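Descriptive analysis of the structure
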Amino acid sequence: MSEPVLSISGLSKTYASGTVALKPTDLEIARGEIFALLGPNGAGKTTLISMLCGLVTPSGGSASAMGHDIIRDYRAARREIGLVPQEMSIDIFERVIDTVNFSRTLFGKPKDPARIEQLLRDLSLWDKRNEKLKELSGGMKRRVMIAKALSHDPEILFLDEPTAGVDVELRRDMWDMVRRLRESGVTIILTTHYIEEAEEMADRVGVITGGDLILVEEKKALMRKLGKKELTLVLAEPLSAVPPELAEWKVTLEDDGHELHYVFDATAERTGVPSLMRKISDLGIAFKDLSTKQSSLEDIFVQLVHERRAA
Amino acid sequence: MNWRGIGSIYRFEMHRFARTLWTGLVVPVITTSLYFIVFGSAIGRNFSGDIQGAASYGAFIVPGLMMLSLLMESIFNASFGIHMPRFTGTIYEILSAPLSPTETVIGYVGAAATKAMTVALVILATAHIFVEVQIAHPLLMLLFLALIAITFCLFGFIIGVWAKGFEQLQIIPMLVVTPLTFLGGAFYSVAALDEPWRTITFFNPFVYLINGFRWTFFGTSDVSFGISLAITGGLLVVCIALVGLIFRTGYRLKA
């Protein structure tokens, strides 16, 4: 990995109430990558981001952005960081152009009309620059928040749940936009609770649950783990044992021999499902019903936690 | 110092005031006019109490009226200024910006104090329509005005951080500031009171603010200017210390 743009070492947060929001966490983010923090609600994703951006005071550990410590050298560190929070927090009485100019100068950069025009054009907001934020649609308001976060030309952009509560079409738009941003050289860290989103966007994925960053892996490797599906056949007549002819598929019998289960990798070229079905048909095993089920995020977390404990 | 960042907050706040310029300036002008019609012309003509060297009772109440508005405006503008971003969530941007707590406070308090002083000076201008007001120490008047504005804008900032909702923003100005200003000799000389009220009154810090300010107009007042200045300075130090504590502990701003 080249020199990391973001380096986190033992960072943790315990709230005054005693709640442990984030256990000591280590993480390094490389320049130009898209990193997805994947986890259910309340996993500690926002807490981690909030500490890096200065909204939450860390309880322990340290972190640096572009080599600047986020506490000791907070001014230099924060200049490198842009944040788009999850909640739609904007001043609805302000005009688009004013609020974006406000953000740029707030971060200590001189006014730069040409740069702001380019930014608003890139985000398809230029035509709306003189409108008040309350007149914009939800999708546009979110784009304004991105424009504000990028107005001071940060190296690192945090997107907290960028597509939560957004319809399918807008979600696609958002994904396209994030890819374009990466092409412009910005390093992007996003949080999400959709596996699909992590899969679509990220180069690497960190899985976080219960304040514990349990796994950081290249997306492709992770998706192989997460791509497991289970085929269930409800049999017409119960079987007492798995026929030896089906041994190579490693099927299991459940529900007192009434159900046959087969776990396969849905992303693999050969899933083994068609051949298994042919063999079952050849053996004359009759079934009443058939279903496949994707492992849920919950199942995957349970599985990952188990694997880690076992290791 | 991130002067651009400070200027950014200052301009944003001034822009917010400009949006409500009509109510922000016309209301105090009308209110002041009413005070002059009622106290200055209707009642004041027959007022025979101590007016400490002022040309008329109408002129005597000018510093008190200015102080009443200055205190209310300072607290209200500053508390609203910081409470609004906390309420809407836009505070995230301030907290994530490369700004020190001092810079943030200079931005918000500077803007609120500018607005409060503007209103006080508009009231002074309005008063000129009704009565003749002589100012013995104009420079000290402006300095004292600024000192009190900054002190009470800091106090307002604290209230804005402390308040859990908009109704709490109103509680302190309504229940504390208005009564203490009225009872602090805004409209009468404390010397005119009978004991024990006179002694009790001197425990009201607002007496020193109002009298100190009145001294800059007429050269005399119920307490010496030095004591007024010292007490105002003391309040300023207390407010600065409390704001410092808020940022050190992150109280209601950061988890």
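Predicted model, so just to flag it, every value in this text is computed and none were measured.

All right, on to the interface of chain B and chain A then. Opposite the 24 residues of chain B that make contact, chain A presents 29 residues. Both sides together, the interface formed by chain B and chain A hides about 2500 Å², and carbon and sulfur atoms give 54% of it. The largest share of the area that chain B buries against chain A comes from B:Tyr92, B:Glu93 and B:Pro98, three residues that together contribute 26% of it. Linking chain B with chain A are 3 salt bridges. Here B:Glu93 ties to A:Lys148 by a salt bridge, and the two come within 3.0 Å at their closest N and O atoms. At the junction of chain B with chain A, the criterion picks out 15 residue pairs in polar contact (both at pLDDT 80 or more). Counting residues per element, the ones that place at least two in the side of chain B that touches chain A are α1 (3–19) and α5 (91–96) of chain B. No other element matches the 8 residues that α1(B) contributes to the side of chain B that touches chain A. In the side of chain B that touches chain A, the residues fall into 9 nonpolar, 9 polar and 6 charged.

Attention now moves to a nonpolar patch on the surface. All names here are of chain B. Among the surface-exposed residues, Ile30, Leu34, Ile37, Val38, Ile43, Ile129 and Phe130 lie close enough to one another that they form a single nonpolar patch of about 660 Å² accessible area. Elements with a contribution of two residues or more to the nonpolar patch: α2 (21–43) and α6 (101–130). The element that contributes the greatest number of residues to the nonpolar patch is α2, accounting for 5 residues. Within the fold, Val38 resides in helix α2. We classify Val38 as partly exposed; its relative accessible area is 41%.

Where helix α3 (residues 96–106) of chain A contacts α1(B), the axes come no closer than 7 Å and their chain directions differ by 150°. Classified by the interaxial angle, the pair formed by α3(A) and α1(B) is roughly antiparallel. Here A:Asp98, A:Phe102, A:Thr105 and A:Leu106 of α3(A) lie close against α1(B), whose contacting residues are B:Arg4, B:Gly5, B:Ser8, B:Ile9, B:Arg11, B:Phe12 and B:His15. Taken together, the residues of the contact of α3(A) with α1(B) sort by class into 4 nonpolar, 4 polar and 3 charged.

What counts, and at which threshold
Residues numbered from 1 in each chain as written. Chains lettered and ligands numbered in written order. Predicted model: local features only at pLDDT ≥ 70, side-chain atom pairs only at ≥ 80, totals over all residues. Heavy atoms only, no water. Contact = heavy atoms within 4.5 Å. Buried area = accessible area lost by both parts, 1.4 Å probe. Salt bridge = Lys/Arg side-chain N within 4 Å of Asp/Glu carboxyl O. Polar contact = N/O pair within 3.5 Å; in protein donor to acceptor, adjacent residues only side chain to side chain. Helix = DSSP H or I, 4+ residues; strand = E, 2+ residues; numbered from the N terminus. Nonpolar A, V, L, I, M, F, W, Y, C, P; charged D, E, K, R; others polar. Patch = residues over 30% accessible without salt bridge, like charges linked within 9 Å, V, L, I, M, F, W, Y side chains within 5 Å. Areas by Shrake-Rupley, 256 points an atom, 1.4 Å probe, with all protein chains shown as cover. Buried < 20%, exposed > 50% of the residue type's maximum accessible area, 1.4 Å probe, protein only. Axes fitted to C-alpha atoms, helices over the stretch in contact; angles between N-to-C directions. Parallel < 35°, antiparallel > 145°, perpendicular 65-115°, else oblique.

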